[in-house]
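Architecture at a glance
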Amino acid sequence: MTIQAEPGKGRRRSPLTSIAISTFKTTGTILATMLGLLFVTFIIGRVMPIDPVISIVGERASKETYEAAYQAMGLDKPIIIQFFYYIWDILHGDFGQSLLNARPVAEDIRRVFPATLELATLGTFIGVLIGVPLGVLAAVRRGSWIDQIARFVALIGYSMPIFWLGLVGLLIFYGILGWVGGPGRVGIFYVDVVPSVTGMILVDSLLDGNWTVFKDAMSHIILPASLLGYYSLAYISRMTRSFMLEQMNAEYITTARVKGLSEWTVIWRHAFGNIKVQLITVIALSYAGLLEGSVLTEIIFAWPGIGSYITTALLSADMNAVLGGTVVVGLVFVCLNVFSDLLYKFFDPRAK
Amino acid sequence: MSLLNTPQGNQPRWRSWLLTDTPTSRNHARVASLYQGWLSFRGNSMAMFGLIILVLLVLIAIFAPLLAPHDPFVQDLANRLKPLATDGHILGTDSLGRDILSRLIYGARITLYIVILVALIAPVAGLFVGTVAGYVGGWVDTILMRITDIFLAFPRLVLALAFVAALGAGIENAVIAISLTAWPPYARIARAETLTIRNSDYISAVKLQGAGPFRIITRHIWPLCISSLIVRVTLDMAGIILAAAGLGFLGLGAQPPSPEWGAMISEGRKFILDYWWVATLPGLAIFLVSLAFNLLGDGLRDVLDPKDDGS
């Protein structure tokens, strides 16, 4: 079949301009989203509390202290100017000082973020490793026992409170069976043994060649990572299944079978090959979800990541730290979203 | 046709009236389609299971004072941390000697309270934004959808945390925070539905009769968006319950001594290794209710929204 170019719909612009326009549009979208994110955190931090000065200087501060803080925070300026200051500071990597330890929030976040990254990465890895084959099998053998199991696993994953499952996991595997390490990243004897290069203890201990620490760190991370992995598995396997079902009903699959290709080639080369792009977007989204969803998991496992950081700051009313953490998680989230979008557009010709 | 008609001979008259192919009035058609939806829903045993659990939850919440064997707030330090099946305390007692079963029963009220409030706020806000954006179009659409996208791009739990941090802890603030993060998907759905409806012939007909945009949106577009919204809300309820419990667990939702399930887990967490039931039982309750919502949502989707059967 030949496709005739419709009049007026032919490509009048050169491909370069159209790429430039779409890049421009995408950049605009990202910037608008990030500006919106900053605006919301700004509102939460500066406008919503009844008096942000009192939350810093305390209720018993003298009038002079109050005035000084009021001036220093720029609260005498119009809101829109304050907002510009806020963006200016963040563009320079300045999230203000933590009220708890008087350290710059940005420094704290740089210290805790690798721990979350490590946990979420391993979790996504587990989720992909089990979730994708499970989803494919469930689609290929639709209605069989493996499909039922996949459905059951996903349903439980969607319905179980993650912090509760973490507690029960700790109770069983640490408290009763003693198979895994307890809360924290490493046992108390191994703290600060290996030099911190990336901040991710598994990588650091490997770089140092210290297998004892690596093994200990592994025994500590495996339970929380499996937990996060289970949640990402529930999502990834469901999505893989529905993508695969769509492909398996397509005519080209019948053609491939008629040609006499082996079932393995039909499933993994032909059908799976066509869902790769969609799958990568789903995995990117689930990764972003895990970065965020690790908040509760980190609390349960005393994992010193960004979730613990935000929550601890929250309970001691350290607004700068809370908002700094929220902005960072939000920016990473937006970036992963955009990344998965771009990937889709880049690899899937139908999306163009 | 005759095949379909024969069994009606030995059916009660109300059933054949409900199953008729030729409804005699508008209300007749409405009731008949509801009844047929119910019949197909009833065939889905998993969805029925979910519905039964939720009906039980509502009954338990309503009759909590009659069902609870003890007062959920009365402390009895002599009888603290009693195990399961103790005399008078079937599910044991917590660290202050309060009866866990009674606290779970009263906790059903809090869970329902949160669920109902969020279900009233978020979808309505989303419906409003989505239909206005879809119907009016142009720059209104662009601005509203951009705002929706910004909220959609947010990490939900972290945003809810920040909101609660600014507003202060408490159930109502948790509900507001969850609603603020939950409305964007509804706006998206409502807008998509509106775009497919707005150019249809019956809208033009209503316009010719002189209806203004307000009347068209509220009387002719909203009713058609409702069914897909209901499905989505039911499926989201599980996530909302988990988020509320998570906030309670972090100490940002319901405050002690309130028997909120998430807060109960948080209280029992300190004793998890020695007194496992204190923290695990409320978790089971949360699990059961959100599972019920997931099953019900799946079943409703099959009945109300057949174009997307999830398989």
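Residues numbered from 1 in each chain as written. Chains lettered and ligands numbered in written order. Predicted model: local features only at pLDDT ≥ 70, side-chain atom pairs only at ≥ 80, totals over all residues. Heavy atoms only, no water.

**Structural notes on the UniProt feature "domain: ABC transmembrane type-1" (unreviewed entry) in chain A**
- Taking the UniProt record as the reference, the feature "domain: ABC transmembrane type-1" (unreviewed entry) is found at residues 113-344 of chain A.
- Helix and strand shares over residues 113-344 of chain A are 80% and 0% respectively, and the end C-alpha atoms of the span are 27 Å apart. (UniProt positions renumbered as here; feature names shortened; annotations may be inferred. Helix = DSSP H or I, 4+ residues; strand = E, 2+ residues; numbered from the N terminus.)

**Observations regarding the domain arrangement of chain A**
Residues and elements named next belong to chain A.
- Split into domains, chain A comes out as domain 1 (16-91) and domain 2 (105-351).
- At the interface, eleven residues of domain 1 touch ten residues of domain 2.
- Buried surface at the junction of domain 1 and domain 2, summed over both partners, amounts to about 890 Å²; 90% is from carbon and sulfur atoms.
- It is Met34, Leu37 and Thr41 in domain 1 that bury the most area against domain 2; as a group they hold 44% of the surface buried on that side.
- Across the domain 1-domain 2 interface, the total number found is zero salt bridges.
- Summed over the shared surface of domain 1 and domain 2, the number is zero residue pairs in polar contact (both at pLDDT 80 or more).
- Those elements that provide at least two residues to the side of domain 1 that touches domain 2 are helix 1 (15-47) and helix 4 (79-91).
- The element contributing the most residues to the side of domain 1 that touches domain 2 is helix 1, with nine residues.
- The class makeup of the residues in the side of domain 1 that touches domain 2 is seven nonpolar, four polar and no charged. (Domains from an automatic or database assignment. Contact = heavy atoms within 4.5 Å. Buried area = accessible area lost by both parts, 1.4 Å probe. Salt bridge = Lys/Arg side-chain N within 4 Å of Asp/Glu carboxyl O. Polar contact = N/O pair within 3.5 Å; in protein donor to acceptor, adjacent residues only side chain to side chain. Nonpolar A, V, L, I, M, F, W, Y, C, P; charged D, E, K, R; others polar.)

**What to know about the interface of chain A and chain B**
- Opposite the 41 residues of chain A that make contact, chain B presents 41 residues.
- Carbon and sulfur atoms supply 81% of the area buried between chain A and chain B, which totals about 3,800 Å² over both sides.
- Taken together, the links from chain A to chain B amount to one salt bridge.
- One salt bridge in this structure joins B:Asp298 and A:Arg151, with 3.7 Å as the shortest N-O distance.
- Scanning the region where chain A abuts chain B turns up five residue pairs in polar contact (both at pLDDT 80 or more).
- When residues of the side of chain A that touches chain B are traced back to their parent elements, those giving at least two are helix 1, helix 6 (145-159), helix 7 (162-176), helix 9 (211-248), helix 11 (263-300), helix 12 (306-315) and helix 13 (319-347) of chain A.
- Considering each element in turn, the side of chain A that touches chain B owes the most residues, eight residues, to helix 13 of chain A.
- Looking at the side of chain A that touches chain B residue by residue, the class counts come to 28 nonpolar, nine polar and four charged.

**Focus on the confidence of the model for chain A**
Residue and element names in this part refer to chain A.
- Residues with a pLDDT of 70 or more make up 90% of chain A, whose mean pLDDT is 81.
- Of all helices and strands in chain A, the one with the weakest mean pLDDT is helix 2 (residues 52-57) (66), whereas helix 5 (residues 105-140) scores best (91).
- pLDDT under 50 marks residues 1-10. Its contacts with residues more than four places away, or in other chains, come to zero contacts. (pLDDT = per-residue confidence, 0-100.)

**What to know about the UniProt feature "transmembrane region" (unreviewed entry) in chain A**
All names here are of chain A.
- UniProt marks residues 21-44, 119-140, 152-177, 217-236, 279-303 and 323-344 with the feature "transmembrane region" (unreviewed entry), using the numbering shown here.
- As annotated, residues 119-140 comprises 100% helix and 0% strand, and the C-alpha atoms at either end are separated by 32 Å.
- Helix makes up 100% of residues 323-344 and strand makes up 0%, while its end C-alpha atoms are separated by 31 Å.

**Section: the packing of helix 10 (residues 251-258) of chain A against helix 11 of chain A**
Residue and element names in this part refer to chain A.
- Contact geometry for helix 10 and helix 11: axes closest at 10 Å, N-to-C directions at 155°. Accordingly, the angle class assigned to the pair helix 10 and helix 11 is roughly antiparallel. Two packed elements cross with a definite hand, and for helix 10 against helix 11 that hand is right-handed. Only Glu263, Val266, His270, Ala271 and Asn274 of helix 11 make contact with helix 10, whose side of the interface consists of Tyr252, Ile253, Ala256 and Arg257. (Axes fitted to C-alpha atoms, helices over the stretch in contact; angles between N-to-C directions. Parallel < 35°, antiparallel > 145°, perpendicular 65-115°, else oblique. Left-handed = near helix turned anticlockwise from the far one by under 90°.)

**Focus on unusual backbone geometry**
- Following B:Pro256, the chain continues into B:Pro257 via a peptide bond in cis, with omega recorded as 10°.
- Here B:Pro257 lies in the loop between helix 11 (213-249) and helix 12 (261-268).
- With a phi angle near 45°, A:Ala302 is a residue other than glycine that sits in the positive phi range.
- Relative to the elements of secondary structure, A:Ala302 occurs in the loop between helix 11 and helix 12.

**Regarding the packing of aromatic side chains**
All names here are of chain A.
- Counted according to the given criterion, the structure contains 15 aromatic pairs over all chains.
- A centroid spacing of 5.5 Å and a plane angle of 80° characterise the contact between Trp211 and Phe214, whose relative ring orientation is edge-to-face. Taken together, the residues Trp211 and Phe214, both in helix 9 and three residues apart, mark about one turn of the helix.
- Of the aromatic side chains, those joined through ring pairs into one cluster are Phe39, Phe42, Phe83 and Tyr86. (Phe/Tyr/Trp six-rings, centres within 6.5 Å; stacked < 30°, edge-to-face > 60°.)

**Considerations on the environment of B:Pro223**
Residue and element names in this part refer to chain B.
- With respect to the element layout, Pro223 can be found in helix 11.
- With a relative accessible area of 47%, Pro223 lands in the partly exposed category.
- Between the C-alpha atoms of Pro223 and Pro282, which are 59 residues apart in sequence, the distance is 38 Å. (Buried < 20%, exposed > 50% of the residue type's maximum accessible area, 1.4 Å probe, protein only.)

**With respect to the UniProt feature "domain: Oligopeptide transport permease C-like N-terminal" (unreviewed entry) in chain B**
- Listed under "domain: Oligopeptide transport permease C-like N-terminal" (unreviewed entry) in the UniProt record, and renumbered for this structure, are residues 37-83 of chain B.
- Across residues 37-83 of chain B, helical content stands at 60% and strand content at 0%; the span's end C-alpha atoms are separated by 46 Å.

**Thoughts on the packing of helix 9 of chain A against helix 11 of chain A**
Residue and element names in this part refer to chain A.
- Here helix 9 crosses helix 11 at 150°, and the two axes come no closer than 8 Å. When the interaxial angle is binned, helix 9 and helix 11 end up roughly antiparallel. Considering the relative orientation of helix 9 and helix 11, their crossing is right-handed.
- For the contact of helix 9 with helix 11, the residue count by class is 18 nonpolar, nine polar and no charged.

**Quick word on the nonpolar core**
- Residues A:Ile44 and B:Trp261 are the most contacted members of the largest nonpolar core, which totals 158 residues.
- Here this core gets 15 residues from one element, more than from any other, and that element is helix 11 of chain B.
- Of the domains in this structure, domain 1 (16-91) and domain 2 (105-351) of chain A are the two that each give at least three residues to this core.
- Formed by 18 residues, the second largest nonpolar core is a distinct cluster that contains A:Ala139, A:Phe243, A:Val266 and A:Leu279. (Core = buried A, V, L, I, M, F, W, Y, C linked by side-chain atoms within 4.5 Å.)

**Comments concerning the environment of A:Ser316**
- Position of A:Ser316 among the secondary structure elements: in the loop between helix 12 and helix 13.
- It is 26 Å that separates the C-alpha atoms of A:Ser316 and A:Val191, two residues lying 125 residues apart in sequence.

**Quick look at the environment of A:Ile19**
- Following the sequence through the fold, A:Ile19 ends up in helix 1.
- For A:Ile19 and A:Ser159, which are 140 residues apart along the polypeptide, the C-alpha to C-alpha distance reads 43 Å.

**Let's talk about helix 13 (residues 276-304) of chain B**
- Look at helix 13 of chain B: 42 Å from first C-alpha to last across 29 residues, which is about the 42 Å you get at 1.5 Å a residue.
- Burial analysis of helix 13 of chain B places 23 of its 29 residues in the buried class, the great majority of the element. (Expected span 1.5 Å × (residues − 1).)

**What about helix 12 of chain A?**
- For helix 12 of chain A, a buried count of eight out of ten residues is recorded, marking the element as mostly surrounded by other parts of the structure.
- One or two residues past the end of helix 12 of chain A sits A:Ala317, with phi positive at roughly 55°.

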